[in-house]
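Examination of the molecular architecture
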Amino acid sequence: MTGGVVAVLGRAGMNFGAGMTGGLAWVYDADGSFIKKRRYHPEFADAEAFSVVPPEAQDSLKTLLEVHAERSLSGLAKAMLADWENKAQAFVRLTPKPQA
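Residues numbered from 1 in each chain as written. Predicted model: local features only at pLDDT ≥ 70, side-chain atom pairs only at ≥ 80, totals over all residues. Heavy atoms only, no water.

**Here we look at the nonpolar core**
- Core analysis: the biggest nonpolar cluster contains 16 residues, and Trp26, Phe50, Leu61, Leu65, Trp84 and Phe91 have the highest contact counts within it.
- Elements supplying a minimum of two residues to this core: strand E2 (24-28), helix H2 (55-72) and helix H3 (75-82).
- Among residues more than four places away in sequence, those in contact with Phe91 are Val8, Leu9, Trp26, Val27, Tyr28, Glu48, Ala49, Phe50, Leu61, Leu65, Met80 and Trp84.
- In terms of nonpolar packing, the next biggest core, distinct from the first, is built from 11 residues, Phe16, Ala25, Phe34 and Ala45 among them. (Core = buried A, V, L, I, M, F, W, Y, C linked by side-chain atoms within 4.5 Å. Buried < 20%, exposed > 50% of the residue type's maximum accessible area, 1.4 Å probe, protein only. Helix = DSSP H or I, 4+ residues; strand = E, 2+ residues; numbered from the N terminus. Contact = heavy atoms within 4.5 Å.)

Written out as structure tokens, the structure is:
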């Protein structure tokens, strides 16, 4: 990933973020296994819990899901938005680390 923003609402595989040099990724980690099992590539990306990112970033994720729900009619996105206060807490933000 070299730019843009992605929100992964399902499970993410091993080594997520390997080669990530730009952009931003949100991963829904409902059971905590994405972080616990380090299914992301820590040399390329920093992972932050939803609760510690700035409110502007939290709002941008919600807006992204709202647009997705509206355009795709995604039942999953609609269900997440209906219980946003709880569901939002399971998101993890990944930002790329500077590479030499």
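**Quick notes on the sheet that holds strand E1 (residues 5-8)**
- Ordered in space as E1-E2-E4-E3, the four strands form an open sheet in which the pairing is mixed. Each edge of the open sheet is held by one strand with a lone partner, namely E1 and strand E3 (45-49). Neighbour to neighbour, the strand axes of the sheet diverge by 20° on average, direction disregarded.
- The strands touched by H2 are E1, E2 and strand E4 (91-96); relative to E1, the strand with the most contacts, the crossing angle is about 70°. (Pairing = 2+ DSSP bridges. Axes fitted to C-alpha atoms, helices over the stretch in contact; angles between N-to-C directions.)

**Focus on the pairing of E4**
- Within E4, five of the six residues are buried, which leaves it mostly tucked inside the rest of the structure.
- As paired elements, E2 and E4 share four bridges and run antiparallel to each other. Among the inter-strand pairings, Tyr28 is bridged to a residue of E4, identified as Phe91.
- As paired strands, E3 and E4 are joined by five bridges and run antiparallel to one another. Residue pairing for E4: Glu48 is matched across the bridge by Arg93.

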